[in-house]
Amino acid sequence: RKELLRIVKYIIRQESTFSKLTSYHLKAAFLSYKDSLGSDGEWHNDKLAERFLEFLKFLHGRLVEKLLPHYWIPELNLLDEILDETLKNMEGRMAKLLADETEMGKVLN
């Protein structure tokens, strides 16, 4: 789990488009994602690539909805203080990364 979060943090730091997403945003999204898997969610190392893509899709969904609830205070939206235009740019960039393996490869290398 830590490895997945570490990889996502690396990608976010490599892309200036995501500069408004803090480590706290990512941790809150990760905790929500983890909860969404339920008890059936496997975390073996051989599932890292699958979980990585699932988490990026989950994060993309939060950007599309412009809603990332605080983990312990769900009525607090962590994305409220980010401008709509910035959220739209982040959503578009995330969509491009998810759709294009070449783009994803550039960021990961």
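Residues numbered from 1 in each chain as written. Predicted model: local features only at pLDDT ≥ 70, side-chain atom pairs only at ≥ 80, totals over all residues. Heavy atoms only, no water.

Asker: I'd like a rundown of helix α5 (residues 101-108), residues and numbers included.
Answerer: It helps to recall that an α-helix has 3.6 residues per turn; residues three or four apart then point in one direction. Of all the residues in α5, the buried ones are Glu103, Met104 and Val107. Considered in projection along α5, the buried side chains sweep an arc of 100 degrees and stay on one side of the axis. Opposite the packed face of α5, turned more than 90 degrees from it, sit the exposed residues Glu101, Thr102 and Lys106. As for α5, its buried residues are in contact with α1 (2-14), α3 (48-65) and α4 (84-99). Capping the start of α5 is the job of one residue whose side-chain oxygen sits 2.9 Å from the backbone nitrogen of Thr102: Asp100. (Buried < 20%, exposed > 50% of the residue type's maximum accessible area, 1.4 Å probe, protein only. Helix = DSSP H or I, 4+ residues; strand = E, 2+ residues; numbered from the N terminus. Arc of directions from axis to C-beta. Contact = heavy atoms within 4.5 Å. Polar contact = N/O pair within 3.5 Å; in protein donor to acceptor, adjacent residues only side chain to side chain.)

Asker: Lay out the packing of α1 against α3 in plain terms, naming residues and giving numbers.
Answerer: Two elements in contact, α1 and α3, have axes whose closest approach is 10 Å; the angle formed by their N-to-C orientations is 50 degrees. In terms of their interaxial angle, α1 and α3 are classed as oblique. For the pair α1 and α3, the sense of crossing is right-handed. On the side of α1, the interface is formed by Glu3, Leu4, Ile7, Val8 and Ile11, while α3 contributes Leu48, Arg51, Phe52, Phe55 and Leu56. (Axes fitted to C-alpha atoms, helices over the stretch in contact; angles between N-to-C directions. Parallel < 35°, antiparallel > 145°, perpendicular 65-115°, else oblique. Left-handed = near helix turned anticlockwise from the far one by under 90°.)

Asker: Quick one: what's the story with the packing of α3 against α4, residue by residue and with numbers?
Answerer: Here α3 crosses α4 at 155 degrees, and the two axes come no closer than 9 Å. It follows that α3 is roughly antiparallel to α4 by the angle criterion. Crossing of α3 against α4: the hand is left-handed. Facing Leu53, Leu56, Lys57, Leu59, His60, Leu63 and Val64 of α3, the residues of α4 in contact are Leu87, Met90, Glu91, Met94, Ala95 and Leu98. Taken together, the residues of the contact of α3 with α4 break down into 10 nonpolar, 1 polar and 2 charged. (Nonpolar A, V, L, I, M, F, W, Y, C, P; charged D, E, K, R; others polar.)

Asker: Kindly report on the environment of Gly92, identifying the contributing residues and their values.
Answerer: When you line up the elements, Gly92 lands in helix α4. A relative accessible area of 34% means that Gly92 is categorised as partly exposed. Gly92 sits 14 residues away from Leu78 along the chain, and the two C-alpha atoms are 19 Å apart.

Asker: Go over unusual backbone geometry, please, and point to the residues and values.
Answerer: In this model, Lys66 sits at a positive phi of 55 degrees, which is unusual for a non-glycine residue. Along the chain, Lys66 falls in the loop between α3 and α4.

Asker: Tell me about the side chain of Asn77, and name the residues and values.
Answerer: In this structure, Asn77 sits in the loop between α3 and α4. The buried category is assigned to Asn77, whose relative accessible area is 12%. At a separation of 2.8 Å, a polar atom in the side chain of Asn77 contacts the main-chain amide nitrogen of Leu68. A distance of 3.1 Å separates a polar atom in the side chain of Asn77 from a polar atom in the side chain of Asp80. Excluding its chain neighbours within four sequence positions, the residues that come into contact with Asn77 are Lys66, Leu67, Leu68 and Pro69.

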